[in-house]
Amino acid sequence: MKYLLKGVRAVDPAIGLDVQRDIVIEDGVIAQVEASIAPTEDMIVLEREGCVAIPGLVDVHVHLRDPGFEYKEAIETGTAAAAHGGFTDICSMANTNPVTDEAAIIDYVIDKANEAGHCTVHPAGACTKGLAGESLAEMGDMVAHGAAAFTDDGRGIQDAGMMRRVMDYAKMFDKVIMSHCQDDGLVGKGQVNEGPVSTKLGLAGWPAAGEEVQIQRDIVLSELTGCPIHIQHLTTAHGLDLVRDGKARGVAVTCEATPHHLVLCDEDITTTYDTNLKMNPPLRSKADNAALIEAVKDGTVDVIATDHAPHAAFEKEREFELAPFGITGLETSLGIVNTYLVEAGHIDLNRMVELMCINPRKILRIEQVTLEPGSTADITVFDPAAKWTVEADGMYSKSQNSPFIGFELIGKPTDVFCKGKLTLEDGVVTA
Ligand SMILES: [Zn+2]
């Protein structure tokens, strides 16, 4: 199949490209990029004047829930949601059942994702067996089978000595440890950010310090072991300062921010106790929102990641304290970032590409694609002016636990090429 993508604004800071182009895609790669290409009979032409083409979006933090929790999400539905959201590549988390802590589960995830064919899945393996934080998982074997990184996401590794062994071991394979920073002693049964809001609502507080002490510990351990550390879903102003300081010292530390922690804050949780505002780590203060946006601008934040965490309606429709943590995010990420960061004037499209395409590939150690001839054709096309309202009905994810339902966004993915295969066409996921 040969495609001609016509009239797009091609944006790729890796090669200094930001100009209108026609792009030919053939046999899985980009065959031609020119100011104007005349269509030939063997081409399927996609007229996309006014749309933007960028290297495929990558999400380094996705819960596909499969194996084990297929009633929340399955590899088929989660990867379809990823394509719908404009992603070509995602990294799946290891808190499945059984836990992704051995090669057989890595194989299972990759095989099922290939079968579904909606996007490329790079599974993360667990750092410790059963996510128990007590003994090393079979990391070497998992690397041999395609694990892209390691994380016990969903839990913080409590013992510093254990974390050191994890990092010593991962370093041998040049893999990143992605750290969910949560000190159980400080966080306990915390439900929302500790502060005026937790007091007002009568909910147990989840203090910023519960996250920050592990951020600091992991930066120190990265310095000690030389193993790269990636701080997941960072939410606090002080946590950002710790990363800034580590980077200034030359520590191999990177971090991610989620769309929801950039846009929503603890004051959005009211006496309606909307459980779609319950996630881990929790929504922080307005001041933390501002600090995160500043850190996105100044380069402290490397990556925007969704922490897509589907839960069934019956699980979320409970008392706030009993509902599980987590919200979906794959299908709203680009729209949120374009609306609240790009349209709002905080960053330009080049910076967005760094945050959502280039840096995630560096962290996962996967092939860096570009918008030039010869590159693998992983391309996301979106309409930067499309105004739309987020609706549960339009989602491909099996779960609709999104706090953004009802939000008016600007910017929507139209087409996605994943290794040259058209996985999203005019906003519709292909079979
Ligand atoms: Zn997490």
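In what follows, the accompanying structure is described. Only a predicted model underlies this, so the values are computations on that prediction, with no experimental measurement involved.

**Some remarks on the overall build of the chain**
For step 1, the next point in the chain: For the chain, the count of helices and strands is 13 helices and 19 strands.
For step 2, the next point in the chain: Here the C-alpha atoms of the chain give a radius of gyration of 21 Å, agreeing with the 22 Å that 2.2 N^0.38 yields for 431 residues.
For step 3, the next point in the chain: Overall, the chain is about 65 × 50 × 45 Å in size when its C-alpha atoms are taken along their principal axes.
For step 4, the next point in the chain: A separation of at least 24 residues holds for 74% of the contacts in the chain among residues at least 6 apart in sequence.
For step 5, the next point in the chain: On the chain, roughly 15400 Å² of surface is accessible, and the fraction owed to carbon and sulfur atoms is 50%.

**Things to note about the packing of aromatic side chains**
For step 1, the next point in the chain: The final tally for this structure, using the stated rule, is 5 aromatic pairs.
For step 2, the next point in the chain: Relative to Phe173, the ring of Tyr169 lies with its centre 5.2 Å away and its plane at 75°, an arrangement referred to as edge-to-face.
For step 3, the next point in the chain: Since its relative accessible area comes to 26%, Tyr169 is described here as partly exposed.
For step 4, the next point in the chain: On the basis of relative accessibility, which here comes to 24%, the residue Phe173 falls in the partly exposed class.
For step 5, the next point in the chain: Each ring, one from Phe404 and one from Phe407, has its centre 5.1 Å from the other, and the planes form 85°; the classification is edge-to-face.
For step 6, the next point in the chain: Given the relative accessible area of 2%, Phe404 is considered buried.
For step 7, the next point in the chain: Against the face of Phe325 rests Lys278, its NZ or CZ located 4.6 Å from the ring centre.
For step 8, the next point in the chain: Across the ring face of Trp388, the terminal group of Lys412 is positioned such that the distance to the ring centre comes to 4.8 Å.

**Here we look at the nonpolar core**
For step 1, the next point in the chain: Counting 66 residues, the largest nonpolar core has Ile54, Ile90, Ile177, Ile231, Val301 and Met352 as its most contacted members.
For step 2, the next point in the chain: No other element matches the 7 residues that helix α13 (residues 349–364) contributes to this core.
For step 3, the next point in the chain: Here this core gathers at least three residues from each of two domains, domain 1 (2–53 + 373–429) and domain 2 (56–364).
For step 4, the next point in the chain: The contact partners of Ile90, leaving out residues within four places of it in the chain, are Asp59, Val62, Leu64, Thr79, Ala82, Cys119, Thr120, Val121, His122 and Leu330.
For step 5, the next point in the chain: Listed in part, the 18 residues of the second largest apolar core include Val8, Ile23, Val33 and Leu371.

**A short note on unusual backbone geometry**
For step 1, the next point in the chain: Residue Asp66 is joined to Pro67 through a cis peptide bond whose omega torsion reads 15°.
For step 2, the next point in the chain: The topology assignment puts Pro67 in the loop between β6 (57–62) and α1 (75–84).
For step 3, the next point in the chain: For the bond running from Asn97 to Pro98, omega is 0°, close enough to zero to count as cis.
For step 4, the next point in the chain: Within the secondary structure, Pro98 is located in the loop between β7 (87–92) and α2 (103–116).

**Let's talk about the pattern of salt bridges**
For step 1, the next point in the chain: If you walk through the whole model with that rule in mind, you get 20 salt bridges.
For step 2, the next point in the chain: With a shortest N-O distance of 3.0 Å, Arg284 and Glu211 are connected by a salt bridge. Of this pair, Arg284 sits in the loop between α9 (259–263) and α10 (286–298) while Glu211 sits in helix α7 (residues 208–225), placing them 73 residues apart in sequence. Both residues of the pair, Arg284 and Glu211, belong to the buried class.
For step 3, the next point in the chain: The salt bridge involving Glu223 is made with Arg249; its shortest N-O contact spans 2.8 Å. Taken together, the residues Glu223 in helix α7 and Arg249 in the loop between α8 (237–248) and β14 (253–257) connect sequence positions 26 residues apart.
For step 4, the next point in the chain: What makes Glu223 partly exposed here is its relative accessible area of 42%.
For step 5, the next point in the chain: Taking the relative accessible area as the measure of exposure, Arg249 reaches 42% and is therefore partly exposed.
For step 6, the next point in the chain: Connected via shared salt-bridge partners are Lys2, Glu26 and Asp42.

**A closer look at the environment of Ser92**
For step 1, the next point in the chain: Along the chain, Ser92 falls in strand β7.
For step 2, the next point in the chain: Not counting chain neighbours up to four residues away, the residues in contact with Ser92 comprise Val62, Leu64, Val109, Val121, His122, Pro123 and Ala124.

**Describing the packing of α1 against α2**
Any two packed helices are characterised by how steeply their axes cross, that is the angle between the axes, and by the distance between the axes.
For step 1, the next point in the chain: At a minimum axis distance of 9 Å, the contact between α1 and α2 shows a crossing angle of 60°. Put simply, α1 runs oblique to α2. Here α1 and α2 pass one another in a crossing that is right-handed. Contact with α1, carried on its side by Ile75, Glu76 and Thr79, involves Tyr108, Val109, Lys112, Ala113 and Ala116 of α2 and no other residues of that element.
For step 2, the next point in the chain: When its residues are assigned to classes, the contact of α1 with α2 shows 5 nonpolar, 1 polar and 2 charged.

**Points about the pairing of strand β2 (residues 17–26)**
For step 1, the next point in the chain: Across 9 bridges, the pairing between strand β1 (residues 2–12) and β2 is antiparallel. Along β2, the bridge assignment pairs Tyr3 with Ile25.
For step 2, the next point in the chain: Between β1 and β2, which pair antiparallel and follow one another directly, the connecting turn spans 4 residues, one of which, Gly16, has a positive phi of 65°.
For step 3, the next point in the chain: Between β2 and strand β3 (residues 29–34), which pair antiparallel in sequence order, lie 2 residues; one of them, Asp27, sits at a positive phi of approximately 50°.

Conventions adopted
- Residues numbered from 1 in each chain as written.
- Predicted model: local features only at pLDDT ≥ 70, side-chain atom pairs only at ≥ 80, totals over all residues.
- Heavy atoms only, no water.
- Helix = DSSP H or I, 4+ residues; strand = E, 2+ residues; numbered from the N terminus.
- Rg over C-alpha atoms; globule rule 2.2 N^0.38 Å.
- Contact = heavy atoms within 4.5 Å.
- Areas by Shrake-Rupley, 256 points an atom, 1.4 Å probe, with all protein chains shown as cover.
- Phe/Tyr/Trp six-rings, centres within 6.5 Å; stacked < 30°, edge-to-face > 60°.
- Buried < 20%, exposed > 50% of the residue type's maximum accessible area, 1.4 Å probe, protein only.
- Lys NZ or Arg CZ within 6 Å of the ring centre and 35° of its normal.
- Core = buried A, V, L, I, M, F, W, Y, C linked by side-chain atoms within 4.5 Å.
- Domains from an automatic or database assignment.
- Salt bridge = Lys/Arg side-chain N within 4 Å of Asp/Glu carboxyl O.
- Axes fitted to C-alpha atoms, helices over the stretch in contact; angles between N-to-C directions.
- Parallel < 35°, antiparallel > 145°, perpendicular 65-115°, else oblique.
- Left-handed = near helix turned anticlockwise from the far one by under 90°.
- Nonpolar A, V, L, I, M, F, W, Y, C, P; charged D, E, K, R; others polar.
- Pairing = 2+ DSSP bridges.

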